[in-house]
Protein chains: 2
Amino acid sequence: MRVIAGEIQKQMADASWIRKMFEKGLELKREVGADNVCDFSLGNPDMPPPPRARGALSELAARVCEPLEMGYCPNAGLPVFREKLAGFLAAQQQAPVRAGHVVVTCGAAGALTSFFRAVLEPGDEVMCPAPYFVEYGAYCGHFGGVLRPVPALPPDFQPDLDAIEAAVTDRTRVILINSPNNPTGCVYARETLKRLAELLERVNASRQRPLFLLSDEPYRFLAYDGAEVPPVLDVSPYALVLGSFSKSLSLAGERVGYIAASPAMPDADLLINAVAMTSRTLGFVNAPVLGQRLAMALLGEGVDVAVYDGRRRAMAEVLRAAGIEFAMPRGAFYFFPKAPGDDDRGFVQKLLAHNILAVPGTGFGYPGHFRLAFCVDKRVIERSAPGFKAAARERL
Amino acid sequence: MRVIAGEIQKQMADASWIRKMFEKGLELKREVGADNVCDFSLGNPDMPPPPRARGALSELAARVCEPLEMGYCPNAGLPVFREKLAGFLAAQQQAPVRAGHVVVTCGAAGALTSFFRAVLEPGDEVMCPAPYFVEYGAYCGHFGGVLRPVPALPPDFQPDLDAIEAAVTDRTRVILINSPNNPTGCVYARETLKRLAELLERVNASRQRPLFLLSDEPYRFLAYDGAEVPPVLDVSPYALVLGSFSKSLSLAGERVGYIAASPAMPDADLLINAVAMTSRTLGFVNAPVLGQRLAMALLGEGVDVAVYDGRRRAMAEVLRAAGIEFAMPRGAFYFFPKAPGDDDRGFVQKLLAHNILAVPGTGFGYPGHFRLAFCVDKRVIERSAPGFKAAARERL
């Protein structure tokens, strides 16, 4: 008997590299002890939420037994949170965002699937620079969408704007960017966004169904050396941003995020209502209310960027000492170094032999490199130095 | 410019009747004041969560700033909750359910969409007795599934087993039942489940892809007059149950539910792993961790059924006094009375004129009746008596 659908069976066989490394990691930790493994495979922030989270949740506890306090809320989010979030995004995006431009979602992932469901028709294409977060393909694929990655430019992985323009077809519905970027740590310049906006303008002049610019921004809060993360909503009427509180407040497990449309978008209200509806019919119904209230109480706060910066510098030191080539990340908490011998899967295996977990670039549609997530204690980074050196010295 | 997909545009135009009544209700409440409206349109429980919720959430607040406490959890749920939930379901379903048979989901809705994504291929059919919860159609429709309602038998809305058997085709992939039922309050007998199981056995004897029996059970805890809600997992190897803590613990906004496969299912592990994967790729990622911990702390507790029973009796009294025909609900918190003159939409309009909100049966694929949700204060029910009487007296 075939209990699951054919397409799903195929996807399970192709299980993501992040997951494969996660499972190998579990095995290794059982074997040698968790303290002896340097795990750079997962983007699960180890920093605690801001200290005020404790008081905020205590206050929610005092009210939890009031009638309807824990009941359904509007699909687009608690009205008071939607309002505050709009104000927060208006300042951040330098655009007159109002509550009606925002849907509170179940994390950034829920924002992506709800948006794709609302706008994609079967055969529509979603373009994104590679390397990219591998789940993008599944997110649009549920609804007949097709992901079209366009390789970014080494060494620092800025998007290749000419190649993107050349690859746009009549079916391209969304250009999906992610800055600060997972897995490269690259931050897109204001000029890059402007050129993408100009592309949209040219394309949309002759379109019935617009081409959107969708910016996935869970790492906006995390930029180094004074790097600017420019706003997106003000560059094009067909721009949208989405994000979450998973990384900025270390609330990944509670699943709270958002999507916001440019206030200049014609029919922005129709699109936002559609996303609220698909969010309902996909089964999210509403973002979890405890998480919404917690994120509202902590809105604008963030974990300490200086701690991540210290880790970034330590990781760079480890890689330099091992003679591994890399572009210094300007944002997020990832390195995407070049794999010695251009063999990312082989090198990740070598690292594994030294109790170091990394993810091959193949898992992000970009072989020849590998990803290191440095959202771990600095001591783990420092402890990994001899392993990196030894792995890099071995001939392939 | 057409900003949203054609199919979604159509769905928005067809906005559900529950939502329409909700919006009319808001309007009415603004006009005459919320206290003057008797709102029976929404299944949003007004009973507070059990008193222990307060202490349980306080304990979570004390720990919220520990590293990784709020981080991602495995897609299938917190291992300790999965384990406890399996024990709970084993006792309830009289089957040897283990953690590996269970996925913790974002509410019952998330269980349904993740399951449909895992098993449906385009053109597959999901059969359910009518009237039914209207979102079922959208849930399977996202993935090319087609809902095939089969009218239940008046006056008490037991499923029509002969009609179901006659309607099964090669493409029928799931028989979806909901007991205690929304919107009828009907509870399915053990004999009914047994006959459905026999149907599965006959059909599956010659199948490559099995026919499943999927039981949607958010109201299992709510049965009256000693009515038995028989277990489902033990009747067929291809049975699954799903449920949530939205009604039993009044935690609807926090989105925690589950799905469990019969331990006797061949490849149960494959199916459960597939549901955990689709739950991830649909963007749920994991059920919210605060909700999971809260539901775990309160597992087995429930709101006071006697309160609902008192309301049920009061509502029956109101309907009887108005001369409106109905089957006494044996479970859940809904009445599904006959609309005078068989005109459900007309009668709901009449009720509206008396500041009473109800939902026409048309919204549940079953015209001629209307739904009343009695999860409201008993005084609201009593206050509605003159309105029902007056509306029923008016000739259509």
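Residues numbered from 1 in each chain as written. Chains lettered and ligands numbered in written order. Predicted model: local features only at pLDDT ≥ 70, side-chain atom pairs only at ≥ 80, totals over all residues.

### Here we look at the interface of chain B and chain A
Okay, step 1: Contact with chain B, which involves 76 residues of that partner, is made by 75 residues of chain A.
Okay, step 2: For the side of chain B that touches chain A, the secondary-structure elements that each account for two or more residues are α1 (6-13), α3 (52-63), α5 (107-119), α6 (135-141), α9 (268-281) and α10 (289-297) of chain B.
Okay, step 3: No other element matches α5 of chain B, which puts 8 residues into the side of chain B that touches chain A.
Okay, step 4: Across the side of chain B that touches chain A, the residue classes break down as 46 nonpolar, 18 polar and 12 charged. (Contact = placed C-beta atoms within 7 Å. Helix = DSSP H or I, 4+ residues; strand = E, 2+ residues; numbered from the N terminus. Nonpolar A, V, L, I, M, F, W, Y, C, P; charged D, E, K, R; others polar.)

### With respect to the sheet that holds strand β4 (residues 146-151) of chain A
Residues and elements named next belong to chain A.
Okay, step 1: Strand order in this open sheet of 7 strands is β2-β8-β7-β6-β5-β3-β4, and the pairing throughout is mixed. Every interior strand has two partners, whereas the edge strands, β2 (102-105) and β4, have only one. Recorded for the sheet is a direction-independent mean angle of 20° between the axes of neighbouring strands.
Okay, step 2: Contacts from helix α5 (residues 107-119) reach β2, β5 (172-178), β6 (212-216), β7 (239-244) and β8 (257-261) within the one sheet, and its direction differs from that of β8 by about 40°. (Pairing = 2+ DSSP bridges. Axes fitted to C-alpha atoms, helices over the stretch in contact; angles between N-to-C directions.)

### Here's the deal with the nonpolar core
Okay, step 1: Counting 270 residues, the largest nonpolar core has Ala260, Leu271 and Phe374 of chain A together with Ala260, Leu271 and Phe374 of chain B as its most contacted members.
Okay, step 2: With residues near it in sequence (within four places) discarded, phenylalanine 374 of chain A still touches Phe40, Arg311, Arg312, Met315, Phe333, Phe335 and Ile381 of chain A. (Core = buried A, V, L, I, M, F, W, Y, C linked by C-beta atoms within 7 Å. Buried ≥ 20, exposed ≤ 12 C-beta atoms within 10 Å, placed from the backbone.)

### Section: unusual backbone geometry
Okay, step 1: In this structure, proline 131 of chain A follows alanine 130 of chain A across a cis peptide bond, with omega equal to 0°.
Okay, step 2: The residue after asparagine 182 of chain B, namely proline 183 of chain B, is reached through a cis peptide bond having omega 20°.
Okay, step 3: Residue placement: proline 183 of chain B occurs in the loop between β5 (172-178) and α8 (190-204).
Okay, step 4: Even without being a glycine, asparagine 355 of chain A presents a positive backbone phi close to 65°.
Okay, step 5: By secondary structure assignment, the location of asparagine 355 of chain A is in the loop between α12 (344-353) and β10 (356-357).

### A look at the domain arrangement of chain A
Buried accessible area, meaning the area lost when the parts come together, often serves as the stated size of an interface.
Residue and element names in this part refer to chain A.
Okay, step 1: We note that the domain assignment places domain 1 (6-49 + 304-393) and domain 2 (69-297) within chain A.
Okay, step 2: For domain 1 and domain 2, the distance between their C-alpha centres works out to 26 Å.
Okay, step 3: Taken together, the contact pairs 27 residues of domain 1 with 29 residues of domain 2.
Okay, step 4: Within the residue set of the side of domain 1 that touches domain 2, elements represented by two or more residues are α11 (305-321) and β9 (334-335).
Okay, step 5: Here the side of domain 1 that touches domain 2 gets 4 residues from one element, more than from any other, and that element is α11. (Domains from an automatic or database assignment.)

### Side note on the relation of the copies chain B and chain A
Okay, step 1: Of the transformation superimposing chain B on chain A, the axial component is 0.0 Å and the angular component is 180°, with the fit at an RMSD of 0.0 Å. Seen this way, the second copy is the image of the first under a two-fold rotation axis. In terms of proximity to the rotation axis, the leading residue of chain B is serine 58 of chain B, whose C-alpha is 2.7 Å off the axis.
Okay, step 2: Comparing contact sets, 99% of the residues at the interface of chain B also lie at the interface in chain A, consistent with an isologous, same-surface contact. (Least-squares fit on C-alpha atoms with pLDDT ≥ 70 in both.)

### Considerations on the sheet that holds β9 of chain A
Residues and elements named next belong to chain A.
Okay, step 1: Reading across from one edge, β9-β12-β11 is the order of the 3 strands in this open sheet, with antiparallel pairing throughout. The open sheet has two free edges, formed respectively by β9 and β11 (359-360), since each of these has just one partner strand.
Okay, step 2: Relative to strand β12 (residues 370-373), β9 runs antiparallel, the two being bridged by 2 bridges. If you follow tyrosine 334 over to β12, its bridge partner there is alanine 373.

### Some points on the pairing of β12 of chain A
In summary, the side chains of a regular strand alternate between the two faces of the sheet.
Residue and element names in this part refer to chain A.
Okay, step 1: Residue alternation in β12 divides its side chains into two sets, Phe370 and Leu372 and Arg371 and Ala373, and both sets are buried.
Okay, step 2: Pairing between β11 and β12: 2 bridges, direction antiparallel. Paired with proline 360 across the strands is phenylalanine 370, a residue of β12.

### Observations regarding helix α12 (residues 344-353) of chain B
All names here are of chain B.
Okay, step 1: Of the positions making up α12, those classed as buried are Asp344, Phe347, Val348, Lys350 and Leu351. The buried residues of α12 occupy an angular sector of 155° when the element is viewed end-on, so they sit on one face.
Okay, step 2: On its buried side, α12 packs onto β10 (356-357), β11 (359-360), β12 (370-373) and α14 (385-393). (Arc of directions from axis to C-beta.)

### Digging into the packing of helix α11 (residues 305-321) of chain B against α14 of chain B
Residue and element names in this part refer to chain B.
Okay, step 1: Remark: α11 packs on α14, axes separated minimally by 8 Å, with the N-to-C direction vectors making an angle of 30°. The two elements α11 and α14 meet at a crossing, and its hand is right-handed. Here α11 contributes Val318, Leu319 and Ala321 to the contact with α14, which in turn contributes Ala385, Phe388 and Lys389.
Okay, step 2: Each residue belonging to the contact of α11 with α14 can be placed in one class, and the counts come to 5 nonpolar, no polar and 1 charged. (Left-handed = near helix turned anticlockwise from the far one by under 90°.)

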